[in-house]
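# Secondary and tertiary structure notes
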Amino acid sequence: MSVVDSPATRRPSDPGRSRPNRPGHAAPKRRPRGSGRTPWLLALPALLLIAGLLGYPLVRMVVLSFQNMRLRELLSGRTPPWVGFDQYTRVLSDNVFWAVVGRTVAFTFVSVLISVLVGLGIALLMRRVSRGVRLFMVVAMMFVWALPQLVAAQIFRWMTDSDFGVVNYLIDKLPGVDYQNHSWFVNPWQGWSVITTLVVWAGIPFLAITLNAGLTQVPKELLEAATVDGATPWQALRNIILPILKPLIMIVTTLSVIWNFGLFTQAWVLRDGHPEPQFQTLATYSYTQAFGQSRYSLGSAIAVITVLLMLGVMIFYIRQMFRIGEVD
Amino acid sequence: MVAPAASPAAPAPASTVPLKRRRAKSDDGVITVGRSRTGTILANTAGVVFSVLMLFPVYWVLNTAFKPADEVLALEPTFWPTSPTLDNFISAFKAPLFLKDMLNGVIVTLLAVAGALVVGFLGALSIARFSFYGRKAIILVVLVVQLIPFLSLLIPLFLMLQSADLTNSLIGVSITYLVLILPYTVWTLRGFISGIPRELDEAALIDGCTRAQVFWRIILPLTGPGLVATSVYGFIQAWNEFIIINTLNSPDKQNLMAWLLQNQTTRGTAWGPLMAGAIITSIPVVIFFLIIQRNIATGLTAGAVKG
């Protein structure tokens, strides 16, 4: 959409015209439009709600992180004491916090890497299979995609149950392996592989289907020309498909980073709502500090740090989307 | 895959060539590099194996939900319910608070979606159809707020709603959900509205329509499908949410998702009813999702691919 031409070109034809329908009703509304009050009036309710319930809490969160809000202040309604950077010093000098940060970053890196690679592989596979198989793949992925996160996490909790879980049963069938009553969350590496599997499994449909849609846009002539020129499939992938797909890959990767970095539900549900220290992520850590320990200010400080850590990725995504929003 | 990798360049048997050619042509955009019959068989096998693996957890929850209680907790799990029963579903429905939380969920979701749709549509109209100083700023706000991890705002929101006496109330949660889905609603509807050619507006204006009539007779009807898709997506978001409602409200004021969570923490897990409850909770979402899935994917990555 062009920003410049619309009001300028439309306005002249507008005020002088006589309206056959309900002139008294329409006339007063029409006048302020040109001066630009109407768009603000239209956007006002949305802006007020966003300001009140997203903007203000955001400010409040920052303010809170410089105070010391505990249960006593919550119950009495007194203004919590100001403590300056105390909460931040406390958080940043805590080894537990840094372990949580490292874990969250490592999980995000590994899970996004696997998800995007597998998603891309599946998208390429979808271009190669017969039509019926492709339909089957799409339907299978749609069902997985549609499942609520919480439900998916509950299913995985059930499948990896130490006593009656089907995963233990199947692995136990392998020769020479004893997985009866095996608990998956004693060893953090095993526990995190369950969580990662769940996140990757749930994330593949979005990635594969979106990337597949992107692949349909790769001009066939280019690929045919490459084949004629003797390119191997690998060369075609590296030199034609991936460069064309790059903007889309960037966006889905960014989204995956944002989503996986905020991991909460999966860890929360698989650990029965009480994640052990080795299964805490930044999101669960902030939540437990605030609502489990009533350290609202400390939780806010952690949330502020989380948002700051994410800022670079978010700005990147917004710049991409903003560019698009301006164009159309 | 265990089968030996086929050389991608292996020539296809002559008899299959015409058929394959035709099929390859009818699929637009199919990558034709290195097509071969063995390759296709391998790819198809991989595709089927992948789909089966993806579907296994879905199959497993269905399998569990229809099993009688003793079969659910068998050391040798049965892979097909030998005597399928609806017991688990019945006990889920009879479980305390299940129906109440279901009703709560419906109320909260509908209020949030209706509110977000009205407010969001006006906002979308503003940034899609008007050019004014500050439009870019509004777009930026709408995009930025979508990225704020909502969970991090939960602490101040909790304190705000607490002091406004709106915790443990369906209204407080409804408003919170409304705001949660509002930015997406504005952004998506903006896309739908800008998809309507401006020439239609202008033609109607020239023919003597008022701005209001343009809105009622042209923009609103043409945005219809977009409104449906957006509201369904909002429905899914609000229906699936459980952390906020679980934090703000007591169990009798929560929704089905939170019910599924309670079910796990309070007593030991009754897996059969839990899985049955999970299915009941998922059904509306899955159905709605399948209806509008195209829009979800395009909304998130709009414009990244020209298409």
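Residues numbered from 1 in each chain as written. Chains lettered and ligands numbered in written order. Predicted model: local features only at pLDDT ≥ 70, side-chain atom pairs only at ≥ 80, totals over all residues.

### Regarding helix H12 (residues 233-261) of chain A
With 29 residues, H12 of chain A extends only 34 Å from end C-alpha to end C-alpha; this falls clearly short of the ideal 42 Å at 1.5 Å per step. Helix geometry: H12 of chain A is bent most strongly at Lys246 of chain A, by close to 55°, with proline Pro247 of chain A lying one to four residues after it. (Helix = DSSP H or I, 4+ residues; strand = E, 2+ residues; numbered from the N terminus. Expected span 1.5 Å × (residues − 1). Bend = angle between axes of the 7 residues up to and from the residue.)

### Describing the domain arrangement of chain B
Residues and elements named next belong to chain B. Under the domain assignment, chain B is made up of domain 1 (37-85) and domain 2 (92-299). Spacing between the C-alpha centres of domain 1 and domain 2 amounts to 33 Å. On the domain 2 side, the residues contacting the seven residues of domain 1 number six residues. Residue assignment for the side of domain 1 that touches domain 2 shows that the elements contributing at least two residues are helix H2 (37-65) and helix H3 (69-72). Counting residues per element, the side of domain 1 that touches domain 2 draws most heavily on H2, at four residues. Its residues assigned to classes, the side of domain 1 that touches domain 2 comprises five nonpolar, one polar and one charged. (Domains from an automatic or database assignment. Contact = placed C-beta atoms within 7 Å. Nonpolar A, V, L, I, M, F, W, Y, C, P; charged D, E, K, R; others polar.)

### So, the interface of chain A and chain B
Tallying the contact residues gives 108 residues for chain A and 100 residues for chain B. It is helix H3 (residues 37-65) of chain A that contributes the most residues to the side of chain A that touches chain B, 16 residues altogether. Taken together, the residues of the side of chain A that touches chain B sort by class into 74 nonpolar, 21 polar and 13 charged.

### Digging into the environment of Phe66 of chain B
Residue and element names in this part refer to chain B. Relative to the helices and strands, Phe66 resides in the loop between H2 and H3. Residue classification places Phe66 among the buried residues on the basis of 22 C-beta atoms within 10 Å. Spatially, the C-alpha atoms of Phe66 and Pro84 are 5.1 Å apart, while their sequence positions differ by 18 residues. If near-sequence neighbours (up to four positions away) are discounted, Phe66 is found in contact with Pro81, Pro84 and Thr85. (Buried ≥ 20, exposed ≤ 12 C-beta atoms within 10 Å, placed from the backbone.)

### Side note on the nonpolar core
In terms of nonpolar packing, the biggest core is built from 160 residues, with Ala208 of chain A together with Ile155, Leu178, Val179, Ile181, Leu182 and Met275 of chain B touching the most fellow members. The dominant element in this core, judged by the number of residues it contributes, is helix H10 (residues 188-215) of chain A, at 15 residues. Here this core gathers at least three residues from each of two domains, domain 1 (37-85) and domain 2 (92-299) of chain B. Look past the residues within four positions of Val179 of chain B in its chain and what remains in contact with it is Leu49, Ile50, Leu53 and Leu54 of chain A. (Core = buried A, V, L, I, M, F, W, Y, C linked by C-beta atoms within 7 Å.)

### Quick notes on the packing of helix H8 (residues 149-159) of chain A against H10 of chain A
When two helices pack together, their arrangement is captured by the angle between the axes and the distance separating the axes. Residues and elements named next belong to chain A. At their nearest, the axes of H8 and H10 sit 11 Å apart, and the two run at 135° to each other. One element, H8, and the other, H10, form an angle in the oblique class. Crossing geometry of H8 relative to H10 is assigned as right-handed. Every residue of H10 that contacts H8 at Gln149, Ala152, Ala153 and Phe156 is listed here: Val194, Leu198 and Ala202. (Axes fitted to C-alpha atoms, helices over the stretch in contact; angles between N-to-C directions. Parallel < 35°, antiparallel > 145°, perpendicular 65-115°, else oblique. Left-handed = near helix turned anticlockwise from the far one by under 90°.)

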